[in-house]
Amino acid sequence: MSTQSEQYVRIFDTTLRDGEQSPGISLNAQEKLEIARQLERLGVDIIEAGFAISSPGEVEGIGLVAKHVRSCAIASLNRTQKADIDASWEALKDAEAPRFHVFIATSDLHMEHKLRMTPEEVVEQTREAVAYARSKVSDVEFSCEDATRSRPEFMAEVVRTALAAGATTINIPDTVGYTTPDEYKEILETLYANVPELHEATLSVHTHNDLGLATANSLAGVQAGARQVEVAINGIGERAGNSALEEIVMALRTRNAFYGFTTGINTREIARTSRLVSRLSGYPVQPNKAIVGRNAFAHEAGIHQDGVLKNRRTYEIMDAESIGLEKNELVLGKHSGRHALQAAYADMGYTVEGDELKRAFKRFKEIADRKKTVTALDLEAILDDQSRDTSDRYQLERLALKTATGETSHAEVTVREGDELHTATGEGDGPIDAAFHALASIVGTEAALREFNVSAVTGGEDALGDVRVVLEQDGRTFTGQAVAPDITEAAAQAYLRAASLAAAGIPTPTIRETI
Ligand code: KIV
Ligand code: ZN
């Protein structure tokens, strides 16, 4: 990494850690791995895969990412406690390039009311934790939580201590999204003046969007000398979210003549990454979201359309293609064979072979029989979907519905459990409610339905439906997700996936209690 040019800005992606702290988002180990693999394709430098101490499931998720994602550094978050660092070590032991990220709050407010520690104790814990982390790995990042509301002299003392103890990256987070671009720049410049040895390390910025200033603040940080930016896909994260990867990267690229910085991101993977994160997190992207919103490249006003037709640059500052938004044209039809499917996936950048190809082809045929056109987005959803369905205890065999407006709906379902088939009926307010009642009587669950989200994979009347179901039992949540041409079928499959996880006792991990 030290060979990178002065103008190279490292992208530290925290979708799987800070992003996962968004209310309602919880990813299991397989989902973390799927996102991490896509982040690797996208070209991020560091993936913060989670907060190991928060749960055994989190150690497993980080461990899986560390084992399979080899071309990015993999980070795990830690408080300044030995147990946290030991848990991160356990999670990162197989990583090619492990990083420990250690943090402690440095503002008077946090030290007094949250940590109940004196400034001297904070300095001492910083020294001990960074030194302990450094005794295990050579790449240690240290963050001053609530840095933008910390006293500059005290923060300088903590940063000096962290550097002396071996920290290689110093991160200055705007934890509560309070600062402004000019002020943030000044905070960082003052820190450099107070701690000249900081020039020997990497300075990092981490901003939150409470005032809608996250991207502007991070860019100001880069201008002040930061060469690492911490971001999340689609800007997900605590409260109003983190700075969005796509915004930072496209701002640096589109305004390269102004900023003069580069990143290692393959921008053509941005749209796909955004879709994957949205699908697995259950967080839809707002239509007017910068870069990845569905309207970001749409022109509604006649005068704009006219201008764009004459010359795209009149109203477009970026090409849709540059973020990987090709026209979503028909790629395959129901007569296409297995080789055509494999070639289409190869075109999209996926290597699909062996059993994975066999299963994808079976699913493709089922969908192509029922859907007029099968697009690149549908193919992506098939792969994504089948990556989740390998270990399900319950499989949907058949679903029959009788429903009419204003009348009770009836469902009959048949579910496979190993070699056995179970059939049951249910009634409800609408077909999905009826199907869920029938399924609940088969799986015998006491779980309550906590969340139910439906979205369409593409536009058009025959779009695949994508359904996410969250069940809650004994205070634990279980998440299932599925795509199918029919949303009731997708809902039933998603329900059974959540029920399979409940039966196996694999809750959706949550890290909120620890932070
Ligand atoms: O916002 C924040 O301060 C954080 C730290 C843990 C880096 O997420
Ligand atoms: Zn944060």
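Shown above is the structure to which this text applies.
Sequence order sets the numbering: in each chain, residues are counted from 1 along the sequence as written. Written order decides the labels, with chains lettered from A and ligands numbered from 1. Local features in a predicted model are, by the rule used here, given only for residues with pLDDT of at least 70; side-chain atom pairs are given and counted only at 80 or more, and totals for whole chains, interfaces and linings are based on all residues. Note: side-chain values were computed over all heavy atoms of the structure, leaving out hydrogens and water.

Engineer: An account of the packing of aromatic side chains is requested, with residue identities and associated values reported.
Structural biologist: Put simply, two rings from Phe, Tyr or Trp (the six-membered ring, in Trp's case) pair if the centres are within 6.5 Å, and we call them stacked under 30 degrees between planes, edge-to-face over 60, tilted for the rest. Tallying each qualifying case throughout the model produces six aromatic pairs. Relative to Tyr-350, the ring of Tyr-345 lies with its centre 6.2 Å away and its plane at 85°, an arrangement referred to as edge-to-face. In this scheme, a residue with accessible area under 20% of its type's maximum is buried, one over 50% is exposed, and one in between is partly exposed, where area comes from a 1.4 Å probe on protein chains only. Tyr-345 gets classed as buried once you look at its relative accessible area, which sits at 0%.

Engineer: Just give me the short version of the sheet that holds strand 11 (residues 394–402), but keep the residues and values in it.
Structural biologist: Two strands form a pair only when DSSP identifies at least two bridges running between them. By definition, any uninterrupted DSSP run of H or I lasting at least four residues is a helix, any uninterrupted run of E lasting at least two residues is a strand, and each is numbered from the N terminus. Spatially, three strands are ordered 11-12-13 in an open sheet, and the strand pairing comes out antiparallel. On the outer flanks of this sheet lie strand 11 and strand 13 (420–428), each paired with one strand and no other. Between one strand and the next, the sheet's axes are offset by a mean angle of 20°, whatever the strand orientation. Bridge count for strand 12 (residues 409–417) against strand 13 is nine bridges, and the pairing is antiparallel. Its bridge partner lying in strand 13, Arg-416 is registered against Leu-421. Whether two residues are in contact is decided by their heavy atoms, any of which lying within 4.5 Å being enough. With axes taken as lines fitted to C-alpha atoms, and helix axes fitted only over the stretch in contact, angles between N-to-C directions fall between 0 and 180 degrees. With respect to the sheet, helix 16 (residues 431–443) is in contact with strand 11, strand 12 and strand 13, its orientation differing from that of strand 13 by roughly 140°. In the packing of helix 17 (residues 487–504) onto the sheet, contacts are made with strand 11 and strand 12, and the angle to strand 11 comes to roughly 140°.

Engineer: Talk me through the coordination of the zinc ion (ligand 2); I want residue IDs and the actual numbers.
Structural biologist: Note: metal donors comprise N, O and S atoms at 2.8 Å or less from the metal (3.2 Å for Na, K and Ca); water molecules are not included, so apparent gaps in a site are possible. Distances from the zinc ion (ligand 2) to its protein donors, Asp-18 (OD), His-206 (NE2) and His-208 (NE2), fall at 2.0 to 2.1 Å. In the primary structure, the donors to the zinc ion (ligand 2) are separated according to the pattern D-x187-H-x1-H. There is no split in this pair, since His-206 and His-208 are both buried.

Engineer: Outline the site of ligand 1, supporting the account with residue identities and numerical values.
Structural biologist: Throughout this document, a residue counts as near a molecule or strand when at least one of its heavy atoms sits within 4 Å of that molecule or strand. As a matter of local geometry, ligand 1 sits amid Arg-17, Asp-18, His-101, Phe-103, Ser-143, Glu-145, Asn-171, Pro-173, Thr-175, His-206 and His-208. N or O atoms closer than or at 3.5 Å make up a polar contact, with two conditions inside protein: a donor-capable atom paired with an acceptor-capable one, and, for residues adjacent in sequence, both atoms drawn from side chains. Asp-18 places a side-chain nitrogen or oxygen 3.0 Å from an oxygen atom of ligand 1. Relative to its unbound accessible area of 260 Å², ligand 1 is 95% covered by the protein chains. When residues of the shell around ligand 1 are traced back to their parent elements, those giving at least two are strand 4 (98–105), strand 5 (140–145) and strand 6 (169–174). Only the protein chains shown count as covering a residue, and every accessible area follows the Shrake-Rupley method with a 1.4 Å probe.

Engineer: Describe in detail a nonpolar patch on the surface, supporting the description with residues and values.
Structural biologist: To count toward a patch, a residue needs a relative accessible area over 30% and no salt bridge; like charges are then connected within 9 Å, while nonpolar side chains (Val, Leu, Ile, Met, Phe, Trp, Tyr) are connected within 5 Å. Salt bridges are identified by distance alone: a Lys or Arg side-chain nitrogen within 4 Å of an Asp or Glu carboxyl oxygen. A contiguous nonpolar patch, built from Leu-449, Phe-452, Val-454 and Ile-487 and spanning about 300 Å² of accessible area, is present on the exposed surface. Residue contributions to the nonpolar patch peak at three residues, all from strand 14 (residues 448–456). Following the sequence through the fold, Ile-487 ends up in helix 17.

Engineer: An account of helix 14 (residues 354–370) is requested, with residue identities and associated values reported.
Structural biologist: Taking 1.5 Å of rise per residue, the 17 residues of helix 14 would be expected to cover 24 Å, and the 25 Å separating its terminal C-alpha atoms lies within 8% of that figure. Here helix 14 has its buried residues at Leu-357, Ala-360, Phe-361, Arg-363, Phe-364, Ile-367 and Ala-368. Between the first and last residue of a helix there are one fewer steps than residues, each counted as 1.5 Å, and that sum is the expected span.

Engineer: Any chance you could break down the pattern of salt bridges for me, citing the residues and the numbers?
Structural biologist: By the definition in use, this model includes 31 salt bridges. In this structure, the salt-bridge partner of Arg-279 is Asp-466, at a minimum N-O distance of 3.2 Å. Of this pair, Arg-279 sits in helix 11 (residues 270–281) while Asp-466 sits in strand 15 (residues 465–473), and the two are 187 residues apart along the sequence. Assessed through its relative accessible area of 9%, Arg-279 is described here as buried. Take Asp-466: its relative accessible area is 4%, and that puts it in the buried class. Between Arg-359 and Asp-355 there is a salt bridge, and its shortest N-O distance comes to 3.9 Å. Separated by four residues within a single helix, Arg-359 and Asp-355 lie in helix 14, roughly one turn from each other. The partly exposed category is assigned to Arg-359, whose relative accessible area is 28%. With relative accessibility at 51%, the residue Asp-355 sits in the exposed group. Each member of the salt-bridge network shares a partner with another, and the members are Glu-269, Arg-272, Arg-275 and Glu-380.

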